[in-house]
Number of protein chains: 2
Amino acid sequence: MVSDGIREVLDSFPHRDWAESEEDAGPIRFAMVGLGWWTRDQAMPAVADSGRCETTVVVSGSAEKAEEVADDEETVEAGLTYEAFQDGEARDAYDAVYVCTPNARHLEHVEAAAEFGKAVLCEKPMEATVERSEDLVDACEDVPAMIAYRMHTEPVVRRARELVRAGAIGEPVHVHGDMSQSIVGWGADQWRLDPDLAGYGTSVMDLGIYSVNTARFVLDRDPVSATATMRSSHDYFAEVPDEVAAFTVAYEDAILASFTASQNADLGSFLRIVGSEGTLLIEPAFHGECTLELSVGETTVEIDSPEVDQMEEEFEYFADCLLADREPEATPAHGLVDMRALAAIYESAETGERVEC
Amino acid sequence: MVSDGIREVLDSFPHRDWAESEEDAGPIRFAMVGLGWWTRDQAMPAVADSGRCETTVVVSGSAEKAEEVADDEETVEAGLTYEAFQDGEARDAYDAVYVCTPNARHLEHVEAAAEFGKAVLCEKPMEATVERSEDLVDACEDVPAMIAYRMHTEPVVRRARELVRAGAIGEPVHVHGDMSQSIVGWGADQWRLDPDLAGYGTSVMDLGIYSVNTARFVLDRDPVSATATMRSSHDYFAEVPDEVAAFTVAYEDAILASFTASQNADLGSFLRIVGSEGTLLIEPAFHGECTLELSVGETTVEIDSPEVDQMEEEFEYFADCLLADREPEATPAHGLVDMRALAAIYESAETGERVEC
């Protein structure tokens, strides 16, 4: 009966199907490494709201900023410079680190944390290049580690994966995805526009990774090859190739995807997966709020579920993995597969040739 | 005032901004060449409803079919075989031809019609290959001729072009488009699956052309280069490379597009144009009904206008061009630009290299 089905959807949609520990287990005590706006406005409030986590240490390039943030946050015991953190200061005050620095600074902090035996939650893209990402994988060999793909714990994305796995759209055939925003208003002096800090580029590294990885997660298939065309014309993008990028990714089983990403376009995002029998649309997809639409034949179901705090879900999930002593799904080895795909996309744009991931 | 703006939208949205002749001018008398389901179920009813056109001759490979259709339609004076048509039979009974045969049969009928001095409306893709399309351009040098891009006279698409031209989304940055359907239910014996009749392939030739050309029309920019990946695995698609295709097209001014097309997927289509300040979405786009959505900042306007008979609009437009003695926008030379883009897409899929259009 449709009423049973609707009831089932309403009851099960937003649930944390991954949870094994109690909601007030822990807390896992975090050192926040890198105190940019994302850490302060998104990650730290999420941790403060979560039952399983707590921020006890904050780490910044600037001693003043570290102290200021430490003073503002009741649970924080120490505000450290990067140097003090790397020297192992206050290492008894945290169990895990959240690394949210420019891409090319991830490795040094992850290596230090792993050396101290701490668990690692590292922002994506995991590093600036494939080589440095391989080093990051090696560094985490003996500690629990996860790359911070917040879409993995977004209920809409998890339900989308369940639907695809259950055959709701038949066999997946092709995929469209976009994530775009404008960072021009943020000024020219941004690490995202500096290849020494950002890596291969900006739009695909920072935004395109959402389409590449979320499609991979929902499809349960890895990227195989890529083609790409990029363009930079605005002054701000003089050092990076991808003010805007259009690229295709072939996934396993020859599921073909067409993506775009731009750091200088109207804010928006979507992920559409077309199967042999139906179509699944997540829109908006990657900027916080998510809505899911499933069409099969003439019937469309749209599910407008409560917006979750994606960072809280992510921290809770990572803490749950630590508390239940299991491996997170997005290991560094998982992230490395994306890094190879991103590298292939940039290489294809430069050479004009299809590149294996 | 918003009320004035809304009134203006409501009043102007569905209008035929191209019309120069009276609605009951003419009629232009058409010979329908090729009597497949599209001609009989779509084109002929549209012509019967139109004020400026009339079907007076029908032409088929089968004498029986030609006679049967001729008998069914009051206005039809003659039912001809292809041979009789090419011999010039009943040539005084029509002013123009509508060619809707398999792609690789367009040229011979267009050449015959042009030789008799008749105006030519030829279905898209205009022929099977670039070379044959060039011959078709040459054949039409001295007669009025148009390639049948029905999206050009769809009011939603024309209004989208006006909005882009007026800067409603700022500078266009990137584009997504898809057209997919399943032709597997139609049986294995289809000319669309036979490269001798279809040309380079099936999904991009038959469906992808909608995204490529409509984006081109709305953007007022031509394709410059393409990258592509294709796959055929179902038995039916053994002779063509593109059961499904994902491809990028760079347009002039480096506007980058990501497209897909599949003849073996869930029915659907959309065209999304993202600019520096807003986003324009046509969805559904290419299967008859069209809806337009324009988002700028936090405000979205959705315009759900009456579904027009796209074939009637197209025939009326072509007849209007003939009656007003002006050149249609989609000349054979216009169509040839698309054929070069399609050829580039297929070549890129085969070689793995970015190909100039």
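As the structure is a prediction and not an experimental result, all values here were calculated from the model.

1. Structural notes on the relation of the copies chain B and chain A
- Superposition record for chain B on chain A: RMSD 0.0 Å, screw rotation 180°, translation along axis 0.0 Å. Accordingly, the operation relating the two chain copies is best matched by a two-fold axis. No C-alpha of chain B approaches the rotation axis more nearly than that of Glu 353 of chain B, which lies at 2.1 Å.
- A shared binding surface is used by both copies, with 100% of the interface residues of chain B retained as interface residues in chain A.

2. Some thoughts on the UniProt feature "domain: GFO/IDH/MocA-like oxidoreductase" (unreviewed entry) in chain A
- Per the UniProt annotation, the sites labelled "domain: GFO/IDH/MocA-like oxidoreductase" (unreviewed entry) are residues 157-280 of chain A.
- In residues 157-280 of chain A, helix accounts for 24% and strand for 41%; the two terminal C-alpha atoms are 11 Å from one another.

3. So, the interface of chain B and chain A
- Contacts between the two partners involve 44 residues from chain B, matched on the other side by 44 residues from chain A.
- Together chain B and chain A conceal approximately 3,100 Å² of surface at their shared face, both sides included; 53% is due to carbon and sulfur atoms.
- Contact with chain A buries area across many residues of chain B, yet Leu 256, Asp 266 and Arg 354 of chain B alone supply 20% of it, more than any other trio.
- The salt bridge involving Glu 283 of chain B is made with Arg 272 of chain A; its shortest N-O contact spans 2.7 Å.
- Viewed at the interface, chain A and chain B are joined by 32 residue pairs in polar contact (both at pLDDT 80 or more).
- A per-class count over the side of chain B that touches chain A returns 17 nonpolar, 18 polar and nine charged.

4. Some points on the sheet that holds strand β5 (residues 119-122) of chain B
Residues and elements named next belong to chain B.
- What the six strands build is an open sheet, ordered β3-β2-β1-β4-β5-β6; its pairing is parallel. Two strands lie at the open edges of the sheet, namely β3 (78-81) and β6 (145-147), each paired on one side alone. Between one strand axis and the next, the sheet turns through 20° on average, direction left out of account.
- With four bridges connecting them, strand β4 (residues 96-99) and β5 associate as parallel partners.

5. A look at the UniProt feature "domain: Gfo/Idh/MocA-like oxidoreductase N-terminal" (unreviewed entry) in chain A
- This chain's UniProt record puts "domain: Gfo/Idh/MocA-like oxidoreductase N-terminal" (unreviewed entry) on residues 28-144 of chain A.
- Helix makes up 41% of residues 28-144 of chain A and strand 22%, whereas the separation of the span's terminal C-alpha atoms amounts to 13 Å.

Scoring rules and cut-offs
- Residues numbered from 1 in each chain as written.
- Chains lettered and ligands numbered in written order.
- Predicted model: local features only at pLDDT ≥ 70, side-chain atom pairs only at ≥ 80, totals over all residues.
- Heavy atoms only, no water.
- Least-squares fit on C-alpha atoms with pLDDT ≥ 70 in both.
- Contact = heavy atoms within 4.5 Å.
- UniProt positions renumbered as here; feature names shortened; annotations may be inferred.
- Helix = DSSP H or I, 4+ residues; strand = E, 2+ residues; numbered from the N terminus.
- Buried area = accessible area lost by both parts, 1.4 Å probe.
- Salt bridge = Lys/Arg side-chain N within 4 Å of Asp/Glu carboxyl O.
- Polar contact = N/O pair within 3.5 Å; in protein donor to acceptor, adjacent residues only side chain to side chain.
- Nonpolar A, V, L, I, M, F, W, Y, C, P; charged D, E, K, R; others polar.
- Pairing = 2+ DSSP bridges.
- Axes fitted to C-alpha atoms, helices over the stretch in contact; angles between N-to-C directions.

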